[in-house]
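Architecture at a glance
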Amino acid sequence: MDAGEFSTVAEVLKRSSARFKARVAYRDAGCESAAITYGNTLRAAGRIAGFLRANGVALGDRVCIYAPNGPEWPLAFWGVVSCGAVAVPIDPNSGSAEIGHILRDTGAQWVFAAPSLAGKLAGFRLKGVVTLGGAPPGGGGGRGLTDIVKGPARKASLPEQAADAPAMIIYTSGTTSQPKGVVLTGRGILSVLAGMRGTLALDDRDVFLSAITLSHTFEITCGLILPCMVGASVVYARDLKYTNLFRGMQRFRPTAMLCPPLMFRVLLENVVNRVAGRRALSLAEVERDAAARRALGGQARRIFGGAVRFFLSGGAPLAPAIAAGYREMGIPLLQVYGLTETSGPSTLTPPGDFPPGSAGRALPGVDLRIDRPGRDGVGEICIRGPHLMAGYYNNDKATRETIRGGWLHSGDLGHIDAEGHLFVTGRSKNVIVTAAGTNVYPEEIEQRIARSPFVREVCVLGKQHPDRTETVFASIVVNDRHLGKFVAAERRAGREPPALADLVWREVQSHTADLASFKRVSGFQLRSRSLPRGRTGKVVTDRVKRESFSILGRLGRLRGHDAKEAPLVFLNATAVTPFRIAEKACVAIETGKITQLGSQETVFLPPNARVIDIGGRYLVPGFIDLHVHGGNGHDFSRGDRAEFEAILDYFVSHGTTRLLATVYVEERGRFLRAIRSLAAGCRARLGHGALHGIHLEGPFISRNMRGALNEKYIWDATIENQLTLQRAGRGCIGLMTLAPELPGVQDVMQVAAQEGIALAVAHSEASYEDIEAAIDLGLTQVTHIFNAMPSLHHRTPGILAAAFQKRELKVHLIADGFHVHPAVVELLYKLKGSSGIVLISDAIHASGCPDGTYTLAERTVKVRRGKAYLEDGTLAGSTVTLDKSLQFMMENTDIPLQEAVRMATLNPARVLGLDHERGILAVGKDADMVVLDAHFNVD
């Protein structure tokens, strides 16, 4: 049956009932025996239509349906449209204010209502209320739907409704004080559903599980009319508890379900918890083995009933991580984008591959364009097609403002890629979209709050979560004069006045009590100054948002939106702080600083924020490497500025965001030139500041422990020589490795320590006593522990014994599998703990290059399988980077991830005195971060 054959909504039921007469149309998930076939649905609709016609309902009259979901809701709907009347759904959560406005605006005289809600209609002048069940208690001109359906058929003439006549009026929260009625025609609804049916390949074998209230356009079009077009069955969930939904899925084995993203997130987290024992958005977060993940995916599909062909998300933005989590289980989670004003869907992500974050392509017959795009292609999304609303009921002005030149201006911001995929990035209209996909217009709430004598000014805003859903928030300026009078009166009466925040919160709640629950204010801010206003006197909402939701804005430091400095939010991160691992974390960044860190529920988007969903990947502080000779084929000791940049680019690509360029001792002139060149590079902030300073490996070292260094270039330890080095370094020397047992080194250490240079021991034969004395002179570090120093001896303890015992000493570890055995790494961890170890690379210029023969300090170095050594077998630095060191630690030791990360981030930051700004993920710190995949590769 081709959807194009339908001319009216009522005709959909007639044709489907003729073809699928015995097919079950509707079920109640809580009552398996309550099944209604298509044949019975048509008969019931005819009796309801006859009843309405007999009671004076004429063609085009409005009839309301005020009830939660259940099999009787569609019976009432089909009866209304079969009568030629216009169906007006009322959200069952609506308060008396909204109900009264809808009844007055539409002039509706008849309402189909749930028995539990019928009492709320008692104060309105109606001809009758039909309760979805038996006869209402007390009569009152109403009837029970069951009595009507079981009663005799009436031979009332039922006029054929025109295709372009209104079929439904769906009320959205108003942009003024009242909700607006969106008039949808049969032609408009059916035109867009024809494209949906073809794309999804629906037929009479499909079973829909209905979980969104039928007063929502998405559900009434795609979850009620669309299944009827193909003879599919619909099962109505009793409630939205995930346990009951899972129970209903296993009993009725649905092939499709419509939900807002929030519910899909809840279901995903709980199904992963059921099959893998941990709440997560992805099986990959809890299981690395691909075969094991496939097995868990099979278990998850069985929990979802085992027959799902696709899930459909709509009403609010869908986080890519949620779609990816379902796709990993083998369940396509598709997304639609549309508005009530577009009869529901305008775009759809079809089954198969589509770009993450995309809201899909335009459905057949739908045109999209971006109005006034910026440099990034982002502008207002405009929609054209036969599915657009006929207009706002009794509101021509609002209709003209929304539809201009045949294009509906959505108020949403987005861009369209070369393949036609739509990406929704934000909103330009002052509308709040809740996690349940309901729209809330602030003006309606502002008018109520403003009635309070304690409120001088109010601005209601959407406080956005990182998934782009919002909660209702109010920014309030208190009426000080009235407040003062109230406080004085309370004290005269001998009462202690309530706290200001409590008083205002009470006022907000009392003045919005008659609104639907989803419109209630969930948080507020008391402002000490007036709301900012433009030339026309209108509140500048964007500025209020900046001053309310951005800590920098509240401090008066955020003046406007600069694209280069736009706030950034990382979503769904596994954040390694590095004191703990925070799963599903969100991190907000403004002007290079972390301003929020927490869960998705506690972090809110600063205005104009760009959101990046990293899908459970690790977010760690940037690595800080204190010992880098070179990489990418270049050497800090021999290179020029261009070569320095090439080295820095290579290390930044491996997650090292700060490093010390290590200069090994060589011919005096070259040595000093290298130091001067690097000092100039530090001052020029090469590599975006990645070049932090200089590490001198020498020249005051032991000839017997020189390792790969050339002994003929070793200097005498004198104050003059040290001053020569410091003059060349121009304040950029951050670390020196020396041998504290050498004559004159004590003077050198004192001079260096006065300059703020960190001192390390290596290439040394120092005794235990030498190290004790050196600690008093400023020694705090041990360079490449175990290497270029004597082995541990039980009768002559030396550097190693001191390193193990002295808490003042931090040891630098090359974790590459060659320099130190994994068992010794674990032993070192037990001796020094996570705070006493600093991971270094000691990388030479062969890092990042293929195996081969290279030169280091005028000596030949061979690299085989990543291992660098001299011709005599002496190790000559390494070829690792700190991301590979972290990988080695995770694969070969039992050291916890957060403690291994600390060794590469916070610990070296403390050596350089940077821990007040780097090396840690915390509010107020620099946004110096690296994203790692599940195998600790830089992503």
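The following paragraphs examine the structure supplied in this document. (Residues numbered from 1 in each chain as written. Predicted model: local features only at pLDDT ≥ 70, side-chain atom pairs only at ≥ 80, totals over all residues. Heavy atoms only, no water.)

**Some details on unusual backbone geometry**
Note the following rule: Counting from the N terminus, the helices are the DSSP runs of H or I reaching at least four residues and the strands are the DSSP runs of E reaching at least two. Relative accessibility thresholds used throughout: buried, under 20% of the residue-type maximum; exposed, over 50%; partly exposed, between the two (1.4 Å probe, protein chains only).
For the bond running from T577 to P578, omega is 15°, close enough to zero to count as cis. By the element assignment, P578 lies in the loop between β28 (568-576) and β29 (581-590). The linkage connecting G698 with the following residue, P699, adopts the cis geometry, with an omega of 15°. When you line up the elements, P699 lands in the loop between β37 (691-697) and α20 (719-729). At N572, a position not held by glycine, the phi torsion is positive, near 60°. By the element assignment, N572 lies in strand β28. The exposure class assigned to N572 is buried, which follows from its relative accessible area of 3%.

**Describing the packing of aromatic side chains**
Heads up, the condition is: Only rings of Phe, Tyr and Trp enter the pairing, Trp through its six-membered ring, and a pair is recorded when the two centres are within 6.5 Å. The plane angle decides the type: under 30 degrees is stacked, over 60 is edge-to-face, the rest tilted. Either the NZ atom of lysine or the CZ atom of arginine qualifies as a charge over a ring when it sits within 6 Å of the ring centre and within 35 degrees of the ring normal.
Tallied over the full model, the rule gives 21 aromatic pairs. Here the aromatic rings of Y242 and F246 are separated by 6.1 Å at their centres, their planes lie at 75°, and the arrangement is edge-to-face. Of this pair, Y242 and F246 are both found in helix α8 (residues 242-252), 4 residues apart, which corresponds to roughly one turn of the helix. Overall, Y242 belongs to the partly exposed group, its relative accessible area being 32%. Owing to a relative accessible area of 0%, F246 belongs among the buried residues under this scheme. Each residue in the set Y242, F246, F264, F304, F311 and Y326 is aromatic and connected to the rest through ring pairs, giving one cluster. The aromatic ring of W407 is capped on one face by R369, whose charged end is 4.8 Å from the ring centroid. Directly above the aromatic system of F604 lies the positively charged group of K463, at a separation of 4.3 Å from the ring centroid.

**Considerations on the nonpolar core**
Keep this limit in mind: Working definition of a nonpolar core: buried Ala, Val, Leu, Ile, Met, Phe, Trp, Tyr and Cys residues. They are joined through side-chain atoms within 4.5 Å. Note on definitions: a residue-residue contact is assigned when non-hydrogen atoms from the two residues lie within 4.5 Å.
Core analysis: the largest hydrophobic core is formed by 106 residues, its most contacted members being F77, W78, F112 and M196. Tallying contributions element by element places helix α7 (residues 217-230) first for this core, with 9 residues. Sequence-distant contacts of M196, defined by excluding residues within four places in its chain, comprise C222, L226, L312, V336, P345, L348 and L363. Within the second largest apolar cluster, 83 residues are counted, among which are Y650, L672, L678 and I895.

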